[in-house]
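# Inside the fold
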Amino acid sequence: MEVPNSKNKTMISVEIGMEVHKVEAPPHISSLKKLKTRLKETFFPDDPLRQFKGQSAKKKWILGAQYALPILKWGPEYSLKSFKSDIVAGLTIASLAIPQGISYAKLANLPPIVGLYSSFVPPLIYAVLGSSRDLAVGPVSIASLVMGSMLRQQVNPVTEQVLFLQLAFTSTFFAGLFQASLGFLRLGFIIDFLSKATLIGFMAGAAIIVSLQQLKGLLGITHFTKKMGLVPVISSVFRETNEWSWQTILMGFCFLVFLLVTRHISIKKPKLFWISAGAPLLSVILSTLFVFAFKAQDHGVSVIGKLEKGLNPLSWNMLQFHGSHLGLVIKTGLITGILSLTEGIAVGRTFAALKNYQVDGNKEMIAIGLMNVVGSTTSCYVTTGAFSRSAVNHNAGAKSAVSNIVMSVTVMVTLLFLMPLFRYTPNVVLGAIIVTAVIGLIDLPAAYQIWKIDKFDFIVMLCAFLGVILISVQEGLAIAVGISVLKVLLQITRPKIVMLGNIPGSDIFRNIHQYKEAAKIPGFLILSIEAPINFANITYLNDRISRWIEDCEAEDKTQKQCALQFVILDLSAVSAIDTSGVSFFKDIRRVLDKKSLEAMNPIGEVMEKLLRSDDANDLMRPDTLFLTVGEAVTMLMSTMKHHV
């Protein structure tokens, strides 16, 4: 049978004789089994216990030990060839970790030696518990900046150095406790609220703030603002021009150019990764020799000063779990824990994808969390997997976490025997190292890609960026997360609903705004709801469908077409429904008492709830359910043949 197209004079082919399939009700599943399935999919989507099925008791104990300690899984298969590669990679990242550790500790307003402590113990813990082969563990710029800026709001790191150190270690403890708890309780989905757009904007803003903070060392300024915003920093720089030191500026400019050039070479030619990896340590050595030889510390160039030799002292007695600063350390630990955990897991998964192996997110949370808990008791502050060091580790040919052990041993040797050599290291070089490291966090191609794909995501990214550089790091992050959550709420409360039309010459129905050839069928209003139906969106759905019906009836009168007789709702994309959604269907059926409301292919859970609520047997009658839109139109068309 053929009916006129409502858009033009062409005809739409409808097979009246085609078979109409019955919509089957879903099999009965007990509520307890549903709850069990839902909990399993929420907390155990990877089904970690499947490897134990059908195994002997002895094998289960072995698998359990390997699951808890991944080193027991890859350790027995470790070869001498892999060890040679890991030694090279470990020594390479150590040459980067030593100057970065000192630099990032100063960024966090901590003694430089703490940065080296944090590059010694945590990598050893991660090597035993971590599942990534490429992650290089140590302090990172963003977490260092956030910790330093948050604690400095209430405690002066210069006049109250011991208290500041106590709060830093306590914040690290809470960061690790939070991270490990997410892993043990399998609540890793919480960090998913930091979307890619949020992270790109946040990282770029934080990179600029970190770089601006280094102007203090690069210009030789003594009195510098404690605020983190763009305006206060720039104002402080130009207000203290009398403190600028040309010797410091010249040295800083030379080493900054050197580091940026080596970074550019390694980006253009990845095989020359060792150039940028060794450049920071070479800069430290050359600048230290220069200061020592020419007594530059007597001419306005500030230096690190004396660093104590020896391994990490225990700091468990410095943890503060009471007092007026408890709220501050918990808040600082929570924020730095989320940031470092997000960065570490993202970096680990990035390099795992390049080498085609899997990284267990929950294991990573536990590993990163426990290494921070242990680190807080051994004079370390918050650490995670850094992208720059991990990239060097990957390019250097690391085969396993043994490269972290090699790096840790190298740092240990430095702590025991080489600390006096850093006495004359100028702070300006540390600033140049930090600037070079954080520049890589500004990802302009990714920002442009977000602009092309999703303008709302670009706004989220822009808000994170501007919030960080204009207000503060933590407020900027909070604003970006808030906007991301608002976007999710808008998607929930304003679900997508589209009108479907027929593709001429077929029984296929598609969105009429996407497919220009799709045509409406006279007498039919076919709508597709493409989201779960719940209490948050039923008012919008009711209003939108009612408005569509009114517009359709007005259009039919204007064009003198067949009056609207059937409303078909395509529910194939509705994944869930609650009691409010069920009431919505009942209400809309009462409103359409003079028109037929048909439901097309509701999925299992949706159909089950609609059937349970249909006490009067008028909501889900078999003659109102169809498997496809084409079958619905075919069946209903036969009841209105006299209109054609």
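Look up a bit, the structure's there.
Residues numbered from 1 in each chain as written. Predicted model: local features only at pLDDT ≥ 70, side-chain atom pairs only at ≥ 80, totals over all residues. Heavy atoms only, no water.

## Looking at a nonpolar patch on the surface
The criterion, for reference: A patch consists of residues exposed above 30% relative accessible area that lack any salt bridge, with like charges linked at up to 9 Å and nonpolar side chains (Val, Leu, Ile, Met, Phe, Trp, Tyr) linked at up to 5 Å. Here, Shrake-Rupley sampling with a 1.4 Å probe gives the accessible areas, and only protein chains in the shown set may cover a residue. Salt bridges, as used here, are contacts in which a Lys or Arg side-chain nitrogen is within 4 Å of a carboxyl oxygen on Asp or Glu. Only DSSP runs of H or I covering at least 4 residues are called helices, and only runs of E covering at least 2 are called strands; the numbering of each starts at the N terminus.
The grouping of Val231, Leu462, Leu466, Leu470, Ile471 and Ile479 at the surface amounts to a nonpolar patch, some 500 Å² of accessible area in total. Counting residues per element, the nonpolar patch draws most heavily on helix α20 (residues 455-470), at three residues. Structurally, Leu470 can be placed in helix α20.

## Side note on the packing of aromatic side chains
This is how the line gets drawn: Centres within 6.5 Å are what make two rings of Phe, Tyr or Trp a pair, Trp counting through its six-membered ring; a difference in plane orientation under 30 degrees is then read as stacked, over 60 as edge-to-face, and the rest as tilted. Buried residues are those whose accessible area, probed at 1.4 Å on protein chains only, stays under 20% of the maximum for their type, while exposed residues exceed 50% and partly exposed ones sit between those limits. The rule is short: NZ of Lys or CZ of Arg within 6 Å of the ring centre and within 35 degrees of the ring normal puts a charge over the ring.
Following the criterion strictly, the structure yields 11 aromatic pairs and no others. Measuring from ring centre to ring centre gives 5.2 Å for Phe173 and Phe321, while their planes differ by 65°; the resulting arrangement is edge-to-face. Linking Phe173 in helix α8 (residues 161-184) with Phe321 in the loop between α13 (273-294) and α14 (326-355), this pair joins segments that are 148 residues apart in sequence. Taking relative accessible area as the criterion, Phe173 reaches 18% and is therefore assigned buried. You can call Phe321 partly exposed: its relative accessible area is 40%. A centroid spacing of 5.4 Å and a plane angle of 65° characterise the contact between Phe584 and Phe585, whose relative ring orientation is edge-to-face. Judged by its relative accessible area of 5%, Phe585 is buried. Sitting over the face of the ring of Tyr357, Arg133 holds its NZ or CZ atom 4.1 Å from the ring centroid.

## Here we look at the pairing of strand β8 (residues 566-570)
To keep it simple, the criterion reads: A pair of strands counts as paired when DSSP detects no fewer than two bridges linking them.
Burial within β8 is extensive, with five of its five residues counted as buried. Neither face of β8 is open: one carries Phe566, Ile568 and Asp570, the other Val567 and Leu569, and all of them are buried. Bridge analysis of strand β7 (residues 524-529) against β8 gives five bridges, and the strand direction is parallel. Paired with Ser528 across the bridge in β8 is Asp570.

## Focus on the environment of Pro26
Short version of the rule: We call two residues in contact when some of their heavy atoms are within 4.5 Å.
Tracing the backbone through its elements, the reader meets Pro26 in the loop between β2 (11-13) and α1 (31-43). The exposure class assigned to Pro26 is partly exposed, which follows from its relative accessible area of 25%. For the pair formed by Pro26 and Glu608, sequence separation is 582 residues and the distance between their alpha carbons is 6.5 Å. Contacts of Pro26, omitting those with residues within four sequence positions, involve Gly604, Met607 and Glu608.

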